[in-house]
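Report on the structure
Chain residues, written in single-letter form:
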Amino acid sequence: MRLIKYFVSQLINNRSFSLLFILNLAIGLSSFVTLDVFKNSISTSINSKSKLLLGADFGLSSRQPLLDDKFNTAFDELKQPDAETSIVETFSMIAGPTGQSRLVQIKAIEEDFPFYGDITINKDNKNQVGVASRLQNAEIAWIYPELLIQLNVKIGEKIKIGQTEFVVKAIVENDSAEGITTSMAPRVYIGLKNLEKTQLIQFGSVAWYSKLYKIEYEDFDQLIDLKLDLKDKLSEPSLQIYTHKDVSEQTSRILKYLNDFLGLVSIAALFLSAIGGAFLFRSYLIKQIKPIGIYLSLGMTNKQVFLLQSLQLLMLGVISALLSLIFGFTLSPLLKVITQGLLPFELQTQLQTGTIYLILILGCVGSILIGAPILSQIYNIKPNILLRNQTTQFLKRNFGFWLSLFIGLVFLWALSVWQADSVNTGSLFTGLFILAGLLITGFAYSVLYLLKTFNLFKSLSFKWAVRDIVRLPFSSISIFLSIGLGMLLLNLIPQIKASINYELTMPKDSKLPSFFMFDIQEDQMNALKDITKKYNIDLVQTSPMVRARLKKINNKDFKDLQIDGENLNREQQRRQMSRNRGYNLSYRNGLGIGESIHKGTPLNEYDHSAMTGISLEKRFSERLDVKIGDVLLFDIQGVEVEGKIVNIRKVQWTTFQPNFFILFPDGVLNEAPKTYISSVPKISGKIKQDFQNSVVKTLPNVSIIDVTRLVKRIKGIIQQMSWALQFMTIICLLAGFLVLFSITNYQARQKSKDIALLKSLGGSFSLIRSFFNWQVLIVTVFSGLFGVLVCFILSYFLSMLLFDSKWIVELQTPILSVLGLILVSLLISYLATNKSLNIKASKLLND
Amino acid sequence: MIIETKQLNKTFVQGDSQIQAVKDVSMQVKDGETISIIGKSGSGKTTLLSLLTGLEQATTGSITLNGNTITAMSEQELAQYRAKEVGIVFQQFHLIPHLTALENVSLSLEIAGTDDVQEKAKNALKLVGLENRLDHLPSKLSGGENQRVAIARAIVNEPKILFADEPSGNLDLETGKKVMDLIFDICQKQGMTLVLVTHDQQLAQRCQRQVQISNGQMI
Amino acid sequence: MKLFFVLALFIFIAPLHAKKIVFLGDSLTEGYGIPLDKAYPKLIEKELKKSFPKLTVVNAGSSGSTTASALSRLKWLLKSKPDILFIALGGNDGLRGVNVNASETNLQQAIDLAKNNNVQVILAGVRIPMNYGEKYRKNFENIFIRLAKKNKITFIPYLLKGVAGVKELNLPDGIHPNVKGHEVIMKNTLPTIKKLL
């Protein structure tokens, strides 16, 4: 169409609009790209961490030896792995050269283990990568350092494993594949070929047989599909099939948090730029009403104008998309260089093809959708405005307005669902955003009403400012809404971040546990206290543990709740198992470390007169499907005890303290047979070793589990996550401020005509200035406060519903952002007013 | 008859009350005639013009221009008709500010889908004496020059009828006269029918016939 | 129901019963991973009730417990005045590599307490898997033989005879017997208990 050039020149002529609109959209899309890069980098990093933990991509484990041909045929039909390796793990008592014996975990590996990461060994006082093939050729072993003392053995000496003696060649300095679960015994690596010689594995042995696979995959879903297919094909209840991500519950939980949060940030950034864009486009199109009238009078149809204006938006959208892609391509390698060393993970600078397409689509469709509600008002324009000089009919909301608004919201919803990868989460995002829009509009109306009704200040400029705002309700509310929503989204991310960060807060290093101790008998407590006193150790959260079986829920046999029948599928079997399991109860008054009451009242001291209250952990209560007021009946070694649920507790898992699903108040279970568990805070080096030996010697039954490595590992992941949260938040803050800046800046520029008018009427400069200052002040103060207020409401729901975390009020960002908004807006307005004041009134009027 | 209206009525709804801006106007204009519609501000003359140019639709009655009954046309047809058969000159010129003189004139041709756009537009501008101002933006032209561009734009499609709404109203006396001279000159040369809306009796007298409008009715 | 009330009821009802057998054990006795009424103590109760309708059985199995808990738990259980004490503990000691002397001492203390209270004791031998090494296994197995001989108590040499290591009789974890496994245990132990009654 030959007419396009006129619309291009229209854009070029309205440079400030075009640039700000492009800037706006490009910021949104660039944040989207950046967040995508981050999301990929972090999940790759966490992925590779979980790969390191497993040492492979995929694995099978069973208590039964795994027969090769059976799996090979199954794999042949599904997906051929690139490499495989077998592992056998078992516990055994092994003896050192002096006859001192100790329980260890034997891990017999093949030469290509691990596929990812490595076992760093210390040999001849030098750290080096352990070469697993060396283990195969001779009877040699690598041992965990604590065994040097526990077995009284030196490097080069022999230890007896089963029937065979192995030479200790090295100690394991760092074991990337140590697994996320901790074991109660230190590990000894030997070659799988040599395991047979020990004669430990025979009928009546208990061992864990695993096959680990290296499988190249493009999409993680392929591994999940493979897992499900294999489950179907092999249908072996004793067989565990897992991907590297399954190895760690914490890792996957963190990934879910992060994914949801990143999705939220991406959507928030896009939504922000959509609001900014819509505001700019609205102001722009209002300016274009006259030219549009001319087009119409010259014989263009409304439809043609609509299409051509849409084409304009499309052009702006494409430019924005290209800009943000250029940003993605050129700046992210730069970002990589800058962040190297700062980031706990490597930035993946490769943009995924999917992202590129998505950005282009978002640029095109998004820009049209942003403008569509306003564009549809083009149909309101009649050519007779050229004769009549009235533009208000344009602002009437027609059917097209509501339809395109609806389509835009559906698009936002679809995008949210896609981003969050969940219909529920996506709907929650969208629903809350719509709610926010309604709330802010409602607030804005009530402020207009208040301003109309009450005369706050007597000054002339204030009265004028109020009159201007009140008399142009549509325009005022659209500014309130734009700035309010902008402030909301800008504040939402830091607010959510505060809640997640709270969940991820870890106690000080000195409070993190080194050991967990189990099976401490009541009469051993004094002996244990003596030992801890000797080593100057304060035990943390020593808790009694009573074994019980749940018999009835609300007087209904717990058995009734189970699925009966012989032919249970695996899932049912597992569920049955978890429902049958006895539970460990504990008792205490008050809350322990990292605990908070989610719902209900604290446990009262037991008063012997009424049924005792009990407290359940939140997730556990969900699994059991019980609520406050339900009565649980337990069988404790033949004695029945009943308790009514009075509260649901939340336990912050990052404290790494042992905790209990079910808690009784002190006084009910004190007589019941029990053992104690306790955790030992961080201790190091020699004391750690001596303390352990001392406990083993004096209290032989007490199990000590060393969790140092586990805690360290998870701490690393959490720190990485906190860092990522911080970075995302900064990106969102930047994007938010830029959008708000462009809105207020544009708003200020539009005032020049009013200024000229006031000037021509003889208004003094100071009067004109204070008139505009009042306007800016009223708009920014109220919309800023609305935004923050609605942000609190939204973040409350999001923390509760999506992130399952406690709602934490973070005040710093809201205060700073509202102040920043007001001051920056005043400054922008001051500069723009000054500029306009210095231009001759007649010139401004002529425009 | 090049223009024929029958029982033309236009009613606006303003709040609760109805305002009848044009009442039972039936008029006829011969081909090549120059006619002025005169009346005071608020008399309904502007509404009548917007009805005649198809910028607004009549409530009842019919308008036939050059044998086409525009009151029976769809929006789409009306737009096309406007593009090809009607030229309008406004009091406020209504040029598109970001287009040059030449582009403003070309726009009209391109909307109508004509060939040889450049040449025709240049000729039209030559006709109004602006052949040296082709690449100037409206803001760089004087008021009189702006109105000349608007006239060039109105006549470039060689319409049968030229409508003009107070074309000299925004201009000083001398410039206004020159612009009016130009309009009459062109109409005469091209055999165009002219419908001039004005409140200026003296100006109205320059037309062959005067139609008085008061309270929406022809007197 | 409050605990003290239950306790009172418990003690009150106890003398009315002809015989009461208490199973002091770990997860094997508790019936880890299977329904409560499918664990071997309950199966034994069902069988014995055919001949001794008034007999009661208490399952005091507690997952994860070691011999160290035997004495204190027995003190609690004695309140219900049992006639027969079936001890099946030690598996967790073995699995955790606890010093065998400590386990033996713990069991001896429990046996002494039972005898002093005129409770008949049945000791079930527990063995640990082959992978723990021949020496340790032998040492461990010998505890039970020694204790049985020394205390002249009824002895079932191997609780999991014919069950351990048999895939079909165990849960997927390869350690705990499934429902069928518990039936085998019941058959292993029933004749010995019957003899005592």
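What you see as residue numbers is a count from 1 along each chain, following the sequence as written. Here every chain gets a letter starting at A, and every ligand a number starting at 1, in the order they are written. With the structure being a predicted model, the display of local features is reserved for residues of pLDDT at least 70 and the display and counting of side-chain atom pairs for 80 or more, all residues being used for whole-chain, interface and lining totals. Working from all heavy atoms in the structure, the side-chain values ignore hydrogens and water.

Some words on the overall build of chain C
- Comment: elements are numbered from the N terminus, with helices defined as DSSP H or I runs of at least four residues and strands as E runs of at least two. Regarding its fold elements, chain C presents 8 helices and 5 strands.
- Radius of gyration here uses only the C-alpha atoms, and the compact-globule reference equals 2.2 Å multiplied by the residue count raised to the power 0.38. For chain C, whose C-alpha radius of gyration is 16 Å, the value lies close to the compact-globule estimate of 16 Å for 197 residues.
- Taken over the C-alpha atoms alone, chain C extends approximately 50 × 35 × 35 Å along its principal axes.
- Burial classification: accessible surface area is computed with a 1.4 Å probe over protein chains only, and a residue below 20% of its type maximum counts as buried, one above 50% as exposed, and the rest as partly exposed. A burial count over chain C gives 60% of its 197 residues as buried.
- The long-range fraction of contacts in chain C, counting pairs at least 24 apart against all pairs at least 6 apart in sequence, stands at 76%.
- Under the convention used here, a 1.4 Å probe and the Shrake-Rupley method define accessible areas, while residue burial counts only the protein chains that appear. Surface exposure of chain C reaches about 8,000 Å², of which carbon and sulfur atoms provide 58%. By the convention used here, residues are in contact when the closest approach between their heavy atoms is within 4.5 Å.

Regarding the side chain of T90 of chain A
- Mapped onto the fold, T90 of chain A is located in strand β2 (residues 83-95).
- Other than its neighbours up to four places away in sequence, T90 of chain A contacts V104, Q105, I106, I201, V206 and A207 of chain A together with N131 of chain C.

Section: the interface of chain A and chain C
- Each partner contributes residues to the interface: chain A has 50 residues there, and chain C has 50 residues.
- Throughout, buried area stands for the accessible area (probe radius 1.4 Å) lost by two parts on being put together, summed over both. Both sides together, the interface formed by chain A and chain C hides about 4,400 Å², and carbon and sulfur atoms give 59% of it.
- Looking at the side of chain A facing chain C, the largest losses of area belong to M93, R549 and Q637 of chain A, adding up to 15% of the total buried there.
- We define a salt bridge as a side-chain nitrogen of Lys or Arg found within 4 Å of a carboxyl oxygen belonging to Asp or Glu. Applying the counting criterion to the chain A and chain C interface returns 3 salt bridges.
- When the shortest N-O distance is used, the salt bridge between R96 of chain C and D519 of chain A registers 3.4 Å.
- At the level of secondary structure, the elements contributing two or more residues to the side of chain A that touches chain C comprise β2, β12 (513-521), β13 (540-553), α18 (570-580) and β19 (639-651) of chain A.
- Any residue that is not Ala, Val, Leu, Ile, Met, Phe, Trp, Tyr, Cys, Pro, Asp, Glu, Lys or Arg is counted as polar, Gly included; the first ten are nonpolar and the last four charged. For the side of chain A that touches chain C, a count of residues per class yields 19 nonpolar, 20 polar and 11 charged.

With respect to the packing of aromatic side chains
- Two rings from Phe, Tyr or Trp (for Trp, the six-membered ring) form a pair when their centres sit within 6.5 Å of each other. Planes less than 30 degrees apart are called stacked, planes more than 60 degrees apart edge-to-face, and all others tilted. A full pass over the atoms with the stated rule returns 28 aromatic pairs over all chains.
- Arranged with centres 5.5 Å apart and planes meeting at 40°, the rings of F17 of chain A and F21 of chain A form a pair that is tilted. Here F17 of chain A and its partner F21 of chain A are both found in helix α2 (residues 15-54), 4 residues apart, which amounts to about one turn of the helix. Both residues of the pair, F17 of chain A and F21 of chain A, count as buried.
- Among the aromatic residues, ring-to-ring pairing joins F17, F21, F281 and Y284 of chain A into one connected group.
- Only lysine NZ and arginine CZ atoms are considered, and such an atom sits over a ring when it is within 6 Å of the ring centre and within 35 degrees of the ring normal. Directly above the ring of Y158 of chain C sits R127 of chain C, whose terminal nitrogen or CZ lies 4.4 Å from the centroid.

Some thoughts on the packing of helix α6 (residues 100-116) of chain C against helix α7 (residues 134-151) of chain C
Residues and elements named next belong to chain C.
- α7 packs onto α6 with a crossing angle of 20° between their chain directions and a minimal axis gap of 10 Å. Regarding the angle of α6 to α7, the classification is roughly parallel. The two elements α6 and α7 cross, and the hand of that crossing is right-handed. Along its contact with α6, which presents V100, S103, E104, L107, Q108, I111, D112 and K115, the element α7 presents Y136, N139, F140, I143, F144, R146, L147, K150 and N151. Every axis in this analysis is a line fitted to C-alpha atoms, fitted for helices over the stretch in contact. Angles between the N-to-C directions lie between 0 and 180 degrees. For this classification, under 35 degrees means roughly parallel, over 145 means roughly antiparallel, 65 to 115 means roughly perpendicular, and everything else is oblique. Each crossing gets its handedness from the near helix: less than a right angle anticlockwise from the far helix is left-handed, clockwise is right-handed.

Concerning the interface of chain B and chain A
- Taken together, the 31 residues of chain B in the interface contact 23 residues of chain A.
- Summed over both sides, the interface between chain B and chain A buries roughly 2,500 Å², with carbon and sulfur atoms accounting for 62% of that surface.
- By the criterion of area lost to chain A, the three top residues of chain B are H98, E110 and I111 of chain B, representing 27% of everything that side buries.
- Between chain B and chain A we count 1 salt bridge in total.
- Between E110 of chain B and K5 of chain A there is a salt bridge, with its nearest N and O atoms 2.9 Å apart.
- Of all elements in the fold, only α1 (45-52), α2 (75-85) and α3 (101-112) of chain B reach the threshold of two or more residues within the side of chain B that touches chain A.
- The dominant element in the side of chain B that touches chain A, judged by the number of residues it contributes, is α3 of chain B, at 6 residues.
- Its residues placed into classes, the side of chain B that touches chain A shows 13 nonpolar, 12 polar and 6 charged.

Topic: the confidence of the model for chain C
Residue and element names in this part refer to chain C.
- Known as pLDDT, the predictor's per-residue confidence is scaled from 0 to 100. Per-residue confidence for chain C gives a mean pLDDT of 86, with 91% of residues at or over 70.
- Least confident of the elements in chain C is helix α1 (residues 3-13), whose mean pLDDT is 44; most confident is strand β3 (residues 84-88), at 95.
- Every residue in residues 1-17 scores below 50 in pLDDT, and together they form 25 contacts with partners more than four places removed in sequence or on other chains.
- Reported confidence for the predicted complex is 0.86 by ipTM and 0.71 by pTM.

Topic: the packing of helix α3 (residues 68-77) of chain A against helix α7 (residues 220-234) of chain A
All names here are of chain A.
- Direction vectors running N to C along α3 and α7 enclose 130°, while the axes themselves pass 10 Å from each other. Overall, the two elements α3 and α7 adopt an arrangement that is oblique. When you trace α3 past α7, the crossing you get is right-handed. Along the contact surface, α3 presents K70, F71, A74, F75 and E77, while α7 presents L226, L230, K233 and L234.
- Partitioning the contact of α3 with α7 into residue classes produces 6 nonpolar, no polar and 3 charged.

Description of the arrangement of the chains
- Looking at the 2 pairs of chains with contacts, the pair that accumulates the most is chains A and C.
- Structurally, chain B and chain C remain out of contact, their C-alpha atoms never closer than 77 Å.

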